[in-house]
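If you want the building blocks of each chain, they are given just below.
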Amino acid sequence: SNASHELKTPLTIISGFLETISLKRFKNETQLFYFIDIIEKEVNRLKKLVYDLLSLATLENTYMQINRIEELSTKKIILNLQKIFSELILEKNLKVTWNYEDKEIFINFKKEWLEIIIQNIFENSIKYTPEYGAIDVKIYIENFKMIVVISDTGIGIAKENQNKIFERFYREDLSHSKAIEGTGLGLSIVKHMLDLVQGEIYLESEINIGSKFIVEIPISSIKNI
Ligand code: ADP
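Each chain carries its own residue numbering, running from 1 in the direction its sequence is written. Residues qualify for local features only when their pLDDT is at least 70, as the model is predicted, and side-chain atom pairs are given and counted only at 80 or more; totals for whole chains, interfaces and linings, by contrast, use all residues. To obtain the side-chain values, all non-hydrogen atoms of the structure were used and water was disregarded.

Q: Summarise unusual backbone geometry; cite the residues concerned and give the values.
A: Backbone geometry places Asn-93, a non-glycine residue, at a positive phi of 50 degrees. Of note, Asn-93 is situated in the loop between helix H3 (74-91) and strand E2 (95-100). A relative accessible area of 38% means that Asn-93 is categorised as partly exposed. For the purposes of this entry, the term helix denotes a DSSP run of H or I that reaches at least four residues, the term strand denotes a run of E that reaches at least two, and both are numbered from the N terminus. Only protein chains enter the accessibility calculation, which uses a 1.4 Å probe. A residue is then buried if its area is under 20% of the maximum for its type, exposed if over 50%, and partly exposed in between.

Q: Help me get a handle on the packing of aromatic side chains, residues and values and all.
A: For Phe, Tyr and Trp, rings pair up if their centres lie within 6.5 Å, where Trp contributes its six-membered ring, and each pair is then called stacked (planes under 30 degrees apart), edge-to-face (over 60) or tilted (otherwise). In this structure the tally under the stated criterion is four aromatic pairs. Between Phe-17 and Phe-35, the ring centres sit 5.1 Å apart and the planes meet at 55 degrees, which makes this aromatic pair tilted. On the criterion of sequence distance, the pair formed by Phe-17 in helix H1 (residues 2-22) and Phe-35 in helix H2 (residues 29-60) is long-range, its members being 18 residues apart. Take Phe-17: its relative accessible area is 22%, and that puts it in the partly exposed class. Taken together through their ring pairs, the aromatic side chains of Phe-17, Tyr-34 and Phe-35 make up a single cluster.

Q: Which residues make up the site of the ligand, and what values do they have?
A: Nearness of a residue to a molecule or strand requires only that one of the residue's heavy atoms be within 4 Å of it. By nearness alone, 21 residues border the ligand, and Asn-124, Tyr-128, Arg-171, Thr-183 and Leu-187 come closest of all. Residues adjacent in sequence count toward polar contacts only when both atoms are side-chain atoms; beyond that, a polar contact is any pair of N or O atoms within 3.5 Å, and within protein one must be able to donate a hydrogen and the other to accept it. Between the ligand and Thr-183 there is a distance of 2.8 Å, counted from an oxygen atom to a backbone nitrogen or oxygen. In the model, an oxygen atom of the ligand is placed 3.3 Å from a nitrogen or oxygen of the Gly-186 main chain. Using the Shrake-Rupley algorithm and a 1.4 Å probe, accessible areas are obtained, with residue cover drawn only from the displayed protein chains. Calculation on the ligand without its partners gives an accessible area of 530 Å², and the protein chains cover 98% of this total. Only helix H4 (111-127), helix H6 (186-196) and strand E7 (210-218) provide two or more residues apiece to the shell around the ligand. Among the elements that line the shell around the ligand, the one with the most residues is H4, at three residues. Three categories are distinguished: nonpolar for Ala, Val, Leu, Ile, Met, Phe, Trp, Tyr, Cys and Pro, charged for Asp, Glu, Lys and Arg, and polar for the others, with Gly belonging to the last. Class assignment for the residues of the shell around the ligand results in eight nonpolar, nine polar and four charged.

Q: If you had to explain H2 to someone new, which residues and values would you point to?
A: Compared with an ideal rise of 1.5 Å per residue, which puts 32 residues at 46 Å, H2 spans 46 Å between its outermost C-alpha atoms and is within 8% of the ideal. For H2, the full list of buried residues reads Leu-32, Phe-35, Ile-38, Ile-39, Glu-42, Leu-46, Leu-49, Asp-52, Ser-55, Leu-56 and Leu-59. By the convention used here, residues are in contact when the closest approach between their heavy atoms is within 4.5 Å. Buried residues along H2 sit against H1, H4 and H6. Where H2 begins, the side chain of Asn-28 points an oxygen toward the backbone nitrogen of Thr-30, at a separation of 3.3 Å. Residue count minus one, scaled by 1.5 Å, sets the expected span of a helix.

Q: Quick one: what's the story with the environment of Leu-46, residue by residue and with numbers?
A: Take Leu-46: it is sitting in helix H2. Judged by its relative accessible area of 15%, Leu-46 is buried. When the C-alpha atoms of Leu-46 and Leu-11 are compared, they prove to be 7.9 Å apart, with 35 residues separating the residues in sequence. Beyond its immediate chain neighbours, meaning those up to four positions away, Leu-46 contacts Leu-7, Pro-10, Leu-11 and Ile-14.

Q: Give a description of the pattern of salt bridges that names residues and reports values.
A: Each reported salt bridge corresponds to a side-chain nitrogen of Lys or Arg within 4 Å of a carboxyl oxygen of Asp or Glu. Applying the stated criterion across every chain, the model contains seven salt bridges. Two residues, Asp-52 and Lys-48, come together in a salt bridge whose shortest N-O distance is 2.9 Å. One end of the pair is Asp-52 and the other is Lys-48, both in helix H2 and four residues apart, which spans about a single turn. Relative accessible area serves as the criterion here: at 5%, Asp-52 is assigned to the buried category. Residue Lys-223 pairs with Glu-71 through a salt bridge whose shortest N-O separation is 3.0 Å. Residue Lys-223 is located in the segment after strand E8 (221-222), and its partner Glu-71 is located in strand E1 (residues 70-73); the two are separated by 152 residues in the primary sequence. Take Glu-71: its relative accessible area is 32%, and that puts it in the partly exposed class.

Q: A description of the environment of Ile-141 should follow, citing residues and the corresponding values.
A: Mapped onto the elements, Ile-141 comes out in strand E4 (residues 134-142). Among the residues examined, Ile-141 registers a relative accessible area of 13% and is labelled buried. Remark: the alpha-carbon pair of Ile-141 and Lys-103, spanning 38 residues in sequence, is separated by 8.3 Å. Dropping the residues within four chain positions of it, Ile-141 is found in contact with Thr-74, Glu-101, Lys-103, Ile-105, Met-146, Ile-219 and Ile-222.

In structure tokens, the structure reads:
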């Protein structure tokens, strides 16, 4: 029921504005483009929602770990993050520090999952950290686990809600958080994936101070010790 509500809202907005346009109920071209902009934004929201829901549905049908060994490099993970998010980081004037042990490791699940997990958490740090804030990313290997620590100086999460953020569709009810786009599904996808690969996620956070997400992912072996 949550999903249908979340899907209905953008659809109602889209059909409402399309009707307004088709009945030519706009004052001038500026207003017309403003309406088209709204439609475009809602279509994108819908796309993200459907994509996230499909990922969750796929994960729900994945009971066993896929038996495969994939090689990955910690350096490549960092370079990938820098490439994907460089524009957003620049736009918000964020200071991001990167620390990583340069290792080639083997995991026995899809590399793509690991990327999705890290990208989701890092993207949240960007979204929920105001301009000129700082983000710190660390990756290291310890006891056959890859440890990823992403901390930010963002808006933080209230103690009583820290468990809820991994639930589907949960979004913090702070006015500043609601103003930021999101589906409330990212962290539930992260949690689901971590459960399937026997990984863990820990959170330390304080309102208006920032958040720290610690992820531990088992690895099967290390190439260059
Ligand atoms: P969303 O699409 O809303 O970002 P997520 O499942 O990724 O969904 O996160 C759930 C909620 O947890 C967010 O709406 C936000 O309120 C809170 N949250 C997640 N990461 C952070 C962070 N780094 N700082 C502050 N709040 C966060």
